[in-house]
Amino acid sequence: MATQRQPSNAFSFISKGWREVRDSADADLQLMRDRAKSFKNLATSFDREIENFFNSAAPAFSVPAMRSPPPPPAEIEFVKKLQPKLSEIRRAYSSPDFSKKVLEKWRPRTRIRIDLSAIKNAIVSEEVDEGIVDFERGKRGRRLSFWEELKGEGEGEARDWEPIRALKTRLKEFEKRSSSVEIFDGFKNSEFLEKLKSSLEVPPLDVPELLAYFVKQSGPFLDQLGVRRDICDKIVESLYSKRKNQLLLQSLSGEESSVLGNGNINDELDLRIASVLQSTGHRYEGGFWTDHAKHEFSDNERHVAIVTTASLPWMTGTAVNPLFRAAYLSQSEKQKVTLLVPWLCKSDQELVYPSNLTFTSPEEQEGYIRNWLEERIGFKADFKISFYPGKFSKERRSIIPAGDTSQFIPSRDADIAILEEPEHLNWYHHGKRWTDKFNHVVGIVHTNYLEYIKREKNGALQAFLVKHINNWVIRAYCHKVLCLSAATQDLPKSVVCNVHGVNPKFLKIGEKIAAERELGQKAFTKGAYFLGKMVWAKGYKELIDLLAKHKADLDGFKLDVFGNGEDANEVQSAARRLDLNLNFQKGRDHADDSLHGYKVFINPSISDVLCTATAEALAMGKFVICADHPSNEFFRSFPNCLTYKTSEDFVAKVKEALENEPYPLTPEQRYQLSWEAATQRFMEYSELDKVLNKEKDGANSSTDNRKLIAKSASMPNLTEVLDGGLAFAHHCLTGNEFLRLCTGAIPGTRDYDKQHCKDLHLLPPQIMTSSTVKYLLVAGEIALVL
């Protein structure tokens, strides 16, 4: 069906063009007929005027004299000679064949221009003798040559319309062909179409190019269906590669040739589509989901808002790492930084924070956070800390935002947003879309939720649903996503990069231990240990299985375990039941002095995305034994990291570590573990450096980029349209309390409650608007200044 339809469309295109030419010619021919008729009427009128002239010139009736009459005036003789010639002209133009002959002569012309030279030559004689004009000489020859021209005997004008005759010949060939495929191939390879293409400055798009771009833009939909991105990329490359080779052979400008030859098929295809659309003068002005109300920022007032799902004193990765990120980003003068953390009511604080530590106000907790940070980084960090309402979920062991989190960043500061655990923040987000409010939104994935969910009841079904929900919210609310390792699910818009560093305190401990070893002192006096929250998913199941399986091979091996958690009793009971040589102790800070003397850190966990404790142990100069897993990919480059693939390999690595001494870290390795290096990697992979330096780079490279095409302004992006639709659907669904409860949300988290209003000095959510939020934030800042 598609094969038959394409030639039909091609033929209808040619027919439509020919009909337009024919209609234009018919209009011109009608104008010619009207002018010829007008000229005929003029000749008749002129004939009548001649007769009246003669009648007026005749003498009055009287008896003639007998003498001879005087000669007639010269004017009368001139008119008498002119009368026969005018009569012939009138008869010629009155002939019914005159219009037909004129039309045959000037049919291709769009404007009628009658050649009156024949009439002139017929009236004005070539010779003038004694003031009398001779009309008879050359009369016949001149008029015959005029009619010969009308009959088309001259071939000069006809040769000017050779393209029209060629087009008629092509149309006749179309009618003779019976196969639709032959018609399409003939049209595609026709000389006329090739000349038309070559006359254009930018070569037109071919069908494979359009199909390639359609597949590329359909990536989000195919991703939701489970089609891998590498398969889509191969399809796009196969469709576009042939056309790319043709374009490279053509004469292109230096800039276009360099872009087409850079090896990035997606960029090359975007440039091709944009160049063709730009050559037509088309410019995309935005679609239904486009928000044009974003605040514009100059180069001197960029703002970065870091939003996370946990806060100190809860010692979890999403509380510690965003805090360090805010501190090190604030060192640059290019941007101002705000850290937005959850505020828990006192009842939830008692469930989450260790050692029964609670706070009565956000200001008190902010002071605790800043003191803890400054003790470890060694400098005063200049960034703002704000709070948003949150509630603790006992079932999920995590904090869920209450209300619209984005409203706690004022519009004047809504420039760049960094969402720590973006899927977690947006599962039940019912508020303004992050990508609508902020110019650039980066998500950082900390947790492998699918691995935890699979361990629960009906884990496979829950993991399947959560996987697609994560894809949904990531696509709807982020511009760019960074995964700390490949252990997470393959999320849209994501790249893998470790953008975390270690607490500077651990690097100092490592330097101290290295100095002691250089002096000949024995730095490591203890064996192996494991530290982590005591829940089965944090590697305790794998650890007990390995030790139980190779109990005989590891005879005499003792392991100290530090941790607290919900599964502590079950873990300890299982170890006693299997008679494993494990010494369980209370959890403590990894930088505690009592842990400095251990030489080997064992971490068999495969549920982590990137284990912070592993990085800290390497920073302190210890051996690390971990599984050969994507979550440990970053650590393999360190010589003190020993990975195992099988349980037998685990035993060999344990013996190797206990019998040898760790290698001292080089300056490059220490820098690689530091937050300075992590911040540099973050700026690069999140494209934040390009966003912050956009104006500066644009000024320096204006000459190079002058001829480049702005792809985003050339045509609508199907990905953006789909993302906007997903965000709208998510907003509608999360607004229904029944659906929220069905999916596991905490009751009453669509809006914050009265206790949050009291603690954070907020108006009730029923009357809270963006303007009032802005007013309260400004008022709070003024109060802090005073």
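Predicted model only: the values in this text are computed from it and were never measured.

*Asks:* Even after reading the chapter, I still don't get the overall build of the protein chain, so can you show me in this structure?
*Replies:* Helix and strand content of the protein chain: 33 helices and 16 strands. Nonlocal contacts in the protein chain, meaning residues at least 24 apart in sequence, comprise 72% of its contacts between residues at least 6 apart. Only carbon and sulfur atoms are counted for the fraction: they give 54% of the accessible area of the protein chain, which is about 43,300 Å².

*Asks:* Is there a simple way to explain the pairing of strand β8 (residues 440–445) in this structure?
*Replies:* Note on strand geometry: in a regular strand, side chains alternate between the two faces of the sheet. Most of β8 sits inside the fold, with 6 of its 6 residues counted as buried. By the alternation rule, side chains of β8 split into H440, V442 and I444 and V441, G443 and V445, which are all buried. Pairing analysis gives 5 bridges linking strand β7 (residues 416–420) to β8, with the strands arranged parallel. Its bridge partner being in β8, A417 is matched across the sheet by V441. Across 4 bridges, the pairing between β8 and strand β9 (residues 480–483) is parallel. Paired with I444 across the two strands is L482, which belongs to β9.

*Asks:* Just checking my understanding: could you explain the confidence of the model for the protein chain for this structure?
*Replies:* Caution is warranted with low-pLDDT regions, since their predicted coordinates should not be read in detail. On average, residues of the protein chain carry a pLDDT of 76, and 65% of them reach 70 or more. Ranking the elements of the protein chain by mean pLDDT puts strand β1 (residues 128–129) last, at 40, and β7 first, at 95. Confidence drops under pLDDT 50 across residues 57–69; counting only partners more than four residues distant or on other chains, this segment forms 1 contact. Taken together, the stretch residues 251–261 has pLDDT below 50 and engages in 17 contacts with residues farther than four places along the chain or on a different chain.

*Asks:* Explanation requested: the packing of helix α14 (residues 317–329) against helix α16 (residues 362–377) in the structure shown.
*Replies:* Two elements in contact, α14 and α16, have axes separated by 11 Å at closest approach and are oriented at 70°. As far as their axial angle goes, α16 and α14 are roughly perpendicular. Where α14 crosses over α16, the two elements pack in a sense that is right-handed. Where α14 approaches α16, its residues V320, L323, F324, A327 and Y328 are matched on the opposing element by I369, W372, L373, R376 and I377. When grouped by side-chain class, the residues that make up the contact of α14 with α16 number 9 nonpolar, no polar and 1 charged.

*Asks:* What's the story with the sheet that holds strand β13 (residues 582–585) in this structure? I'm lost.
*Replies:* Either a parallel or an antiparallel arrangement is found when strands of a sheet pair, and the pairing is made through backbone hydrogen bonds. Reading across from one edge, β13-β12-β11-β14-β15-β16 is the order of the 6 strands in this open sheet, with parallel pairing throughout. The sheet is open, and its two borders are formed by β13 and β16 (641–644), each paired with just one other strand. On average, adjacent strands in this sheet sit at an angle of 25° to one another, irrespective of strand direction. Both strand β14 (residues 598–603) and strand β15 (residues 623–627) contribute to a ladder of 4 bridges, which runs parallel. Counted as the bridge partner of V600 is F623 from β15. Packed onto the sheet, helix α24 (residues 612–619) meets β11 (526–531), β14, β15 and β16 and runs at close to 160° relative to β14. The sheet contacts of helix α25 (residues 647–659) involve β11, β14, β15 and β16, and relative to β16 the element is tilted by about 160°.

*Asks:* How should I be thinking about the environment of F214 in this particular structure?
*Replies:* Counting through the fold element by element, F214 comes out in helix α9 (residues 207–217). Classification of F214 as exposed rests on a relative accessible area of 53%. For the pair F214 and V236, spaced 22 residues apart in sequence, the C-alpha separation works out to 8.9 Å.

*Asks:* Is there a simple way to explain the nonpolar core in this structure?
*Replies:* Across soluble globular proteins, nonpolar side chains show a tendency to be buried alongside one another. Ranked by internal contacts, the top residues of the largest apolar core, which has 135 residues, are F383, L559, I602, F650 and F682. The element best represented in this core is α14, accounting for 8 residues. In contact with F383, not counting residues within four places along its chain, are L323, A326, A327, S330, V337, L339, R370 and L373. Membership of the second largest hydrophobic core comes to 7 residues, among which are A212, V236, Y240 and I273.

*Asks:* Got a minute to help me understand the environment of A528 in this structure?
*Replies:* Along the chain, A528 turns up in strand β11. Spatially, the C-alpha atoms of A528 and V561 are 9.1 Å apart, while their sequence positions differ by 33 residues. What A528 contacts, discounting residues up to four positions off in sequence, is F557, K558, L559, D560, Y598, V600 and I602.

*Asks:* Which parts of the structure should I look at to understand a nonpolar patch on the surface?
*Replies:* Residues L461, F464, L465 and I469 make up a contiguous nonpolar surface patch of roughly 380 Å² in combined accessible area. Of note, F464 is situated in helix α20 (residues 459–477). Judged by relative accessible area, F464 falls into the partly exposed class, the value being 49%.

*Asks:* Sorry, what's going on with the packing of helix α22 (residues 540–549) against α25 here?
*Replies:* Geometry of a packed helix pair, given as the angle between the helix axes and the separation of the axes. Here α22 crosses α25 at 85°, and the two axes come no closer than 10 Å. Taken together, the axes of α22 and α25 are roughly perpendicular relative to one another. Taken together, the residues of α25 that come into contact with α22 (itself represented by L546, L547 and K549) are S647, E648 and F650. Among the residues making up the contact of α22 with α25, the classes are represented as 3 nonpolar, 1 polar and 2 charged.

Calculation criteria
Residues numbered from 1 in each chain as written. Predicted model: local features only at pLDDT ≥ 70, side-chain atom pairs only at ≥ 80, totals over all residues. Heavy atoms only, no water. Helix = DSSP H or I, 4+ residues; strand = E, 2+ residues; numbered from the N terminus. Contact = heavy atoms within 4.5 Å. Areas by Shrake-Rupley, 256 points an atom, 1.4 Å probe, with all protein chains shown as cover. Buried < 20%, exposed > 50% of the residue type's maximum accessible area, 1.4 Å probe, protein only. Pairing = 2+ DSSP bridges. pLDDT = per-residue confidence, 0-100. Axes fitted to C-alpha atoms, helices over the stretch in contact; angles between N-to-C directions. Parallel < 35°, antiparallel > 145°, perpendicular 65-115°, else oblique. Left-handed = near helix turned anticlockwise from the far one by under 90°. Nonpolar A, V, L, I, M, F, W, Y, C, P; charged D, E, K, R; others polar. Core = buried A, V, L, I, M, F, W, Y, C linked by side-chain atoms within 4.5 Å. Patch = residues over 30% accessible without salt bridge, like charges linked within 9 Å, V, L, I, M, F, W, Y side chains within 5 Å. Salt bridge = Lys/Arg side-chain N within 4 Å of Asp/Glu carboxyl O.

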